[in-house]
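Survey of secondary and tertiary structure
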Amino acid sequence: MQQSRAALAERIAERRDGGGDPRALVGEMRRSVLLVPVADGGLWSVRSGGVRWICGFTDESALARFALHHGPGDRPMDYAALLGARIVDEIVPALGEPAGLAVDIATDEGSMFFPPVVGIVPDAVAVDAGAAAAGGRP
């Protein structure tokens with residue numbers, strides 16, 4: 001499990017440096033177990049740009065950086081360990097609004113966003129599904 005998380009962080013670094021294969025990055029995200037903070041009986045998320053972003057972290061240190069600013073004070077932050085594929089295939093569609101996955105958002109130069117588009121989330125909830133069906137899919 002830890003090896004999978006490290007692989008995702010490496011793929012993110014490759015993409016942020018302008019290299020790597022975007023499809024390989026998405027595949028690695030889907031295979032990785034992410035730590036997702038839990039608050040008020042649900043997964044911690046934030047809305048920005050008309051999208052609800054579920055926040056996931058590749059390891060405990062990335063989660064701890066986030067918890068310093070958003071955690072419940074002096075108590076440990078509760079979290080769920082979820083497969084990336086489960087987040088984008090099951091949880092995102094169940095939200096009923098445009099939603100994506102934000103990984104390691106508290107890590108300078110290490111975050112990555114997986115938006116609600118075809119190829120990341122199911123076509124039925126992708127915001128660009130109409131464009132992809134019309135031939136706009138790369």
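Note: the structure precedes this text.
Basis of the calculations
- Position numbers for residues start from 1 in each chain and track the written sequence from start to end.
- Selection of residues for local features in this predicted model requires a pLDDT of at least 70, selection of side-chain atom pairs for listing and counting requires 80 or more, and totals for whole chains, interfaces and linings are taken over all residues.
- With hydrogens and water stripped out, all remaining heavy atoms of the structure feed into the side-chain values.
- Elements are defined by DSSP. Helices are runs of H or I of four residues or more, strands are runs of E of two residues or more, and each kind is numbered from the N terminus.
- Two residues form a contact once any of their heavy atoms are found within 4.5 Å.
- Each pair of strands is called paired provided DSSP finds at least two bridges between the two strands.
- A fitted line through C-alpha atoms represents every axis, and for helices the fit uses only the stretch in contact; the resulting angles, taken between N-to-C directions, go from 0 to 180 degrees.
- The salt bridge criterion pairs a side-chain nitrogen of Lys or Arg with a carboxyl oxygen of Asp or Glu, the two atoms within 4 Å.

**A closer look at the side chain of Thr-107**
- Relative to the helices and strands, Thr-107 resides in the loop between strand E6 (99-103) and strand E7 (112-114).
- Beyond its immediate stretch of four places on either side in the chain, Thr-107 contacts Ala-62 and Arg-65.

**Details of the sheet that holds strand E1 (residues 33-39)**
- Strand order across the open sheet formed by three strands is E2-E1-E5, with antiparallel pairing between neighbours. Where the open sheet ends on each side, the last strands, each with one partner, are strand E2 (42-43) and strand E5 (79-83).
- Here E1 runs beside E2; their pairing, made up of two bridges, is antiparallel. Bridging across to E2, Ala-39 finds its partner in Gly-42.
- Where helix H4 (residues 84-94) meets the sheet, its contacts fall on E1, E2 and E5, and the angle it forms with E5 comes to roughly 90°.

**A short note on the sheet that holds E7**
- Taken together, the four strands give an open sheet; going across it, the order is E3-E4-E6-E7, and neighbouring strands pair in mixed fashion. Bordering the open sheet on either side are strand E3 (45-48) and E7, each of which pairs with just one other strand. If you compare each strand with its neighbour and ignore which way they point, the axes differ by 30° on average.
- Relative to E6, strand E4 (residues 51-56) runs parallel, the two being bridged by five bridges. Of the residues in E6, the one forming a bridge with Gly-56 is Val-103.

**Observations concerning the pattern of salt bridges**
- Counted by the stated rule, this structure contains nine salt bridges.
- Here Glu-109 makes a salt bridge to Arg-16, at a shortest N to O gap of 3.4 Å. Here Arg-16 lies in helix H1 (residues 2-16) and Glu-109 lies in the loop between E6 and E7, a separation of 93 residues in the sequence.
- Here Glu-28 and Arg-31 are joined by a salt bridge, their closest N and O atoms 3.1 Å apart. Note that Glu-28 and Arg-31 are positioned in helix H2 (residues 22-31) at a spacing of three residues, about one turn of the helix.

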